[in-house]
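# Architecture at a glance
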Amino acid sequence: MSLAAPLPFIDLKAQRRRLGPQIEQALARVLEHGAFILGPEVRELEAQLAAYAGVKHCISCASGTDALMMVLMAKGIGPGDAVFCPSFTFAATAEVVALLGASPVFVDVREEDFNIDPASLKAAIPVAEAAGLTPRGIIAVDLFGQPADYRALQSIADAHGLWILADAAQSFGASYDNRRVGALGDFATTSFFPAKPWAATATAARSSPTTMISATCCTRSASTVKAAISMRTSALASPGGSIRCRRRCCCKK
Ligand SMILES: Cc1ncc(COP(=O)(O)O)c(C=O)c1O
C-alpha cells in the first residue's frame, strides 16, 4: 500500500486555478479606481457579511487579531479588568487582552468540543474578583468550526453583567440555535487567514474583491460600532497600530 500524499494545510494554488481570472479582474478594478483604503469593495464586503450573519453592522479591519483588539478597545478594557478566555485556543484570543494591560483569566474547556466550559467559567468569576480584578467580559471561541455553548454562556453573562465576544475565527459559516455565527454573543470577530473556513468560502462564493480584507468584527451595538470604527481609523490603522496600545497611550478607560 502506498502512502497518500499529505494534504497541504493551505492550498492557495488550487484556489488560484479555480478563481485566478476573477481575482485578477477584481484587482485590476481596484487599481483602476484607486480607492485602496476602505474603498467600495470594503463596503460591499461589510454589507454582504452583515447580511449573511444577520447583523446590522460589520466593520472590516486587517486581521482577526485586530478585530478582537478593536472590540476590547471599544469596550475600554484596560488594567484591572478580567476577560475570561478558554485555555485552549489560538494565542491571539488572550494576547489582545494582555496587550491592553488587562488580565486574561483562563477557563477550562470541555472534553467533548474543546470549547469554553460554562461550569469552569462560573467558578472563575469569584476567583478573578478575589484577585482584585473587575470581570468585564467573556471571549468565547468556536474551535474547529463548532460554536461554543452560547445558551449557557449567556445566562452566566447576564447574571454577572458581562458581555460576550464570540471569536469566530474558526467558525464563520457555522450556526447555533438557527443563528449564524457572527450573530452570537454581543460581538463577533472572524479571520480571513487562508486556512480559515471563511477565507475558503468567501473565495468560493466569488467575493474576490473582498479577499484583500482579512478580518471583520460584527456587532449589534451602535455605540460599539462607533467606537470600533474610530479605533480602525485612528488607533489600529495608524503607524505602529496596536503597538500604540501596548504603550497604553490610546486606550484609557
Ligand atoms: C481562534 C482564533 N482567534 C484569532 C485568530 C487570529 O486571526 P488572524 O490570524 O487573522 O489575526 C486565530 C487565527 O488563527 C484563531 O484561530
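Note: the structure precedes this text.
Here we summarise the structure given alongside this text. The model shown is predicted, which means the values in this text are computed figures rather than measured ones.

Let us now look at the overall build of the chain. Looking only at helices and strands, the chain has nine helices and nine strands in total. Residues counted as buried form 43% of the 253 residues belonging to the chain. Residue pairs at least 24 apart in sequence account for 64% of intrachain contacts in the chain once pairs closer than 6 positions are excluded.

This brings us to the packing of helix H3 (residues 64-74) against helix H4 (residues 92-99). Two elements in contact, H3 and H4, have axes separated by 9 Å at closest approach and are oriented at 45°. Considered as vectors, H3 and H4 are oriented oblique to each other. Seen from above, H3 lies across H4 with right-handed handedness. Of the residues in H4, those in contact with Gly-64, Thr-65, Leu-68, Met-69 and Leu-72 of H3 are Ala-92, Thr-93, Val-96, Val-97 and Leu-99. For the contact of H3 with H4, the per-class residue count stands at seven nonpolar, three polar and no charged.

With that out of the way, let us pick up the pairing of strand S5 (residues 163-167). Taking burial as the measure, the five residues of S5 include four buried ones, the bulk of the element. Relative to S5, strand S4 (residues 134-141) is paired through five bridges, and the arrangement is parallel. Counterpart to Gly-137 in the pairing with S5 is Trp-163. Of the pairings in the sheet, the one linking S5 to strand S8 (residues 187-191) comprises three bridges and is parallel in character. Note on S8: the bridge partner recorded for Asp-167 is Thr-189.

Here we come to the site of the ligand. Taken together, 15 residues lie near the ligand, and Gly-64, Thr-65, Phe-90, Ala-169 and Ser-191 sit nearest. Of all the secondary structure elements, the ones that give two or more residues to the shell around the ligand are H3 and H4. Within the shell around the ligand, the residues separate by chemical class into six nonpolar, eight polar and one charged.

Here we take up the packing of helix H5 (residues 118-130) against helix H6 (residues 150-160). For the pair H5 and H6, the least separation of the axes is 9 Å and the interaxial angle reads 15°. Considering their axes alone, H5 and H6 lie roughly parallel with respect to each other. Judged by the sense of rotation from one axis to the other, the crossing of H5 with H6 is right-handed. Contacts from Pro-118, Leu-121, Lys-122 and Ile-125 of H5 reach H6 at Ala-152, Leu-153, Ile-156 and His-160. Residue composition of the contact of H5 with H6, grouped by class: six nonpolar, one polar and one charged.

Below, the discussion takes up the nonpolar core. Ranked by size, the top nonpolar core spans 55 residues in total, and within it Leu-72, Val-83, Phe-84, Val-97, Ile-138 and Ala-140 carry the most contacts. Per-element accounting of this core gives the leading share, eight residues, to H3. Among residues more than four places away in sequence, those in contact with Ala-140 are Ile-116, Ala-148, Tyr-150, Leu-153, Ile-164, Ala-166, Asp-167 and Gly-185.

Moving on: H5. Between its terminal C-alpha atoms H5 stretches 19 Å, which fits the 18 Å expected from 13 residues at 1.5 Å a residue. Restricting attention to buried positions, one finds in H5 the residues Pro-118, Leu-121, Ala-124 and Ile-125. Its buried side turned inward, H5 meets strand S2 (81-86), strand S3 (103-107), S4 and H6. Looking one or two places after H5, you find Gly-132, whose phi comes out positive at around 85°.

With that settled, consider unusual backbone geometry. Of note in the backbone geometry, Phe-144 takes a positive phi value of approximately 50° without being a glycine. Residue placement: Phe-144 occurs in the loop between S4 and H6. Residue Asn-178 is not a glycine yet carries a positive backbone phi of 60°. By secondary structure assignment, the location of Asn-178 is in the loop between strand S6 (175-176) and strand S7 (179-180). Judged by the 6 C-beta atoms lying within 10 Å of it, Asn-178 falls in the exposed class.

Among the eleven residues that make up H3, eleven are buried, leaving the element largely enclosed by the rest of the structure. Within the span of H3, buried status applies to Gly-64, Thr-65, Asp-66, Ala-67, Leu-68, Met-69, Met-70, Val-71, Leu-72, Met-73 and Ala-74. Backbone geometry just downstream of H3 places Gly-76 in the positive-phi region, at approximately 70°.

Rules behind the numbers
Residues numbered from 1 in each chain as written. Predicted model: local features only at pLDDT ≥ 70, side-chain atom pairs only at ≥ 80, totals over all residues. Helix = DSSP H or I, 4+ residues; strand = E, 2+ residues; numbered from the N terminus. Buried ≥ 20, exposed ≤ 12 C-beta atoms within 10 Å, placed from the backbone. Contact = placed C-beta atoms within 7 Å. Axes fitted to C-alpha atoms, helices over the stretch in contact; angles between N-to-C directions. Parallel < 35°, antiparallel > 145°, perpendicular 65-115°, else oblique. Left-handed = near helix turned anticlockwise from the far one by under 90°. Nonpolar A, V, L, I, M, F, W, Y, C, P; charged D, E, K, R; others polar. Pairing = 2+ DSSP bridges. Near = placed C-beta within 6 Å. Core = buried A, V, L, I, M, F, W, Y, C linked by C-beta atoms within 7 Å. Expected span 1.5 Å × (residues − 1).

Just geometry here; none of it tells us what the structure is for.
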